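Spelled out, the chains give:
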Amino acid sequence: MPTNTQAFLDYLHQEYINEDHILSKLETSSPTIKKLQREKKVPKPTYEVSLKVQLKAPNIQTSNQTTSRFYPKGFENWVKLVLENADATTPFEQFQHQYKTQIHTLKHIYIFPNSVEEQYTADDVIEEKWNDFLAGKFGLSTNSGLPKDIATLTIALEMIRYLTQDCSKDELAEDELLRVKHWVNCLEEIIPAKAPEGDVNSDEIRLFYTARQQYLAKN
């Protein structure tokens, strides 16, 4: 747990959705969510926080431990999608379709090599993304945690790495700078705010902030 516990808890409540709130909105139960997670249909929580509260006073001494689970903001929509399409497509097929569609859409808007699209829509890559999605990892680097934003994150970071050589270039050509700006803007729309303590952020978030500061702060 970060040293400033209250600041971190405030951050979680601002940037993520508590499981209790999700259960209330979906009118479902924690066992139902856990069952879907065991069946590898919906993601695990991005953060799981256990807190022990102790009370000491004259003639009184009590303690209580609570666990709160936090999900990205798109988790509720994904659970609804899974439940509503239980007899149609599998969750993986839904994930694959949304992910591939977004990469194809981005290619037409921002133009990047066919090789990039082919690389990141390969079966083994999508399988890896799916497993990270189920593990709750994309809640660290996207607001929604959903396939569309995962695809945007993936391509934007790949292009930023390519254009800046992992932020090793001192300066960028004008066209490179413009393209980096486009991709940074894409990321600004989908990534969560920086956590109070940076060590809990993902590498993707750190790359985003490095690129923005290094190349766009003065532009």
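What this report covers is the structure whose coordinates are included nearby. Given the structure is predicted, the values throughout are model-derived calculations rather than measurements.

About the criteria used
- Residues numbered from 1 in each chain as written.
- Predicted model: local features only at pLDDT ≥ 70, side-chain atom pairs only at ≥ 80, totals over all residues.
- Heavy atoms only, no water.
- Helix = DSSP H or I, 4+ residues; strand = E, 2+ residues; numbered from the N terminus.
- Buried < 20%, exposed > 50% of the residue type's maximum accessible area, 1.4 Å probe, protein only.
- Polar contact = N/O pair within 3.5 Å; in protein donor to acceptor, adjacent residues only side chain to side chain.
- Pairing = 2+ DSSP bridges.
- Arc of directions from axis to C-beta.
- Contact = heavy atoms within 4.5 Å.
- Salt bridge = Lys/Arg side-chain N within 4 Å of Asp/Glu carboxyl O.
- 1 Å grid on protein atoms, 1.4 Å probe; cavity = no way out; pocket = protein on both sides within 12 Å on 5 of 7 lines; lining within 4 Å.
- Points joined across faces, edges and corners; volume = space filled by probe spheres on them.
- Nonpolar A, V, L, I, M, F, W, Y, C, P; charged D, E, K, R; others polar.
- Phe/Tyr/Trp six-rings, centres within 6.5 Å; stacked < 30°, edge-to-face > 60°.

### So, the environment of threonine 89
Point 1. Of note, threonine 89 is situated in the loop between α4 (75–84) and α5 (91–110).
Point 2. Taking the relative accessible area as the measure of exposure, threonine 89 reaches 32% and is therefore partly exposed.
Point 3. For the pair formed by threonine 89 and threonine 5, sequence separation is 84 residues and the distance between their alpha carbons is 42 Å.
Point 4. Here the side chain of threonine 89 touches glutamine 94 through a polar contact of 2.6 Å, side chain to side chain.

### A look at the pairing of strand β2 (residues 47–57)
Point 1. Both β2 and strand β3 (residues 60–71) contribute to a ladder of 11 bridges, which runs antiparallel. For serine 50, the partnering residue across the bridge sits in β3 and is threonine 67.
Point 2. Once β2 ends, the chain turns through 2 residues before running back antiparallel as β3, passing asparagine 59 with a positive phi of about 65 degrees.

### What to know about α4
Point 1. Within α4, burial applies to Phe75, Glu76, Trp78, Val79 and Val82. The arc that holds every buried residue of α4, seen down its axis, measures 165 degrees, which confines them to one face.
Point 2. For α4, the secondary structure elements touched by its buried residues are α2 (19–26), α3 (30–38), β3, α5, α7 (123–134) and α8 (147–164).

### Here we look at the pattern of salt bridges
Point 1. Here the structure, examined in full by the defined rule, presents 9 salt bridges.
Point 2. Here glutamate 176 ties to lysine 169 by a salt bridge, and the two come within 2.8 Å at their closest N and O atoms. Lysine 169 shares its class with glutamate 176; the two are buried.
Point 3. Its salt-bridge partner being glutamate 188, residue arginine 212 comes within 2.9 Å of it at the nearest N-O pair. Taken as a pair, arginine 212 in helix α10 (residues 203–216) and glutamate 188 in helix α9 (residues 174–188) lie far apart in primary sequence, 24 residues in all.
Point 4. Each member of the salt-bridge network shares a partner with another, and the members are Glu19, Glu48 and Arg69.

### Some words on empty space enclosed by the protein
Point 1. Enumeration according to the criterion identifies 3 cavities of 30 Å³ or more in this entry.
Point 2. Quantified by volume, the largest cavity comes out at close to 40 Å³.
Point 3. Residue lining of the largest cavity: Pro43, Lys44, Thr46, Pro72, Phe133, Gly136, Phe138, Gly139 and Gly145, and that is the complete set.
Point 4. When grouped by side-chain class, the residues that make up the lining of the largest cavity number 4 nonpolar, 4 polar and 1 charged.

### Notes on the layout of surface pockets
Left-over empty space is what a probe sized like a water molecule reveals as it rolls over the atoms.
Point 1. Estimates place the volume of the largest pocket at around 180 Å³.
Point 2. Taken together, Val125, Glu128, Lys129, Asp132, Lys137, Phe138, Leu140, Ser141, Ser202 and Glu204 make up the lining of the largest pocket.
Point 3. Here the element with the most residues in the lining of the largest pocket is α7; it accounts for 4 residues.
Point 4. A per-class count over the lining of the largest pocket returns 3 nonpolar, 2 polar and 5 charged.

### As for the pairing of β3
Point 1. The pairing of strand β1 (residues 17–18) with β3 spans 2 bridges and is classified as antiparallel. Note that in β3 the partner of asparagine 18 across the bridge is phenylalanine 70.

### Let's talk about the packing of aromatic side chains
Point 1. Going through the model one piece at a time under the given rule, you end up with 14 aromatic pairs.
Point 2. Each ring, one from phenylalanine 8 and one from tyrosine 47, has its centre 5.5 Å from the other, and the planes form 80 degrees; the classification is edge-to-face. In this pair, phenylalanine 8 sits in helix α1 (residues 5–15) while tyrosine 47 sits in strand β2, placing the two residues 39 residues apart along the sequence. We note that phenylalanine 8, like tyrosine 47, is buried.
Point 3. A ring pair is formed by tyrosine 110 and tryptophan 183, whose centres lie 4.8 Å apart and whose planes are at 40 degrees; its orientation type is tilted. Note that tyrosine 110 is positioned in helix α5 and tryptophan 183 in helix α9, a separation of 73 residues in sequence.
Point 4. Residue classification places tyrosine 110 among the partly exposed residues on the basis of a relative accessible area of 27%.

Coordinates in, geometry out; function isn't part of it.
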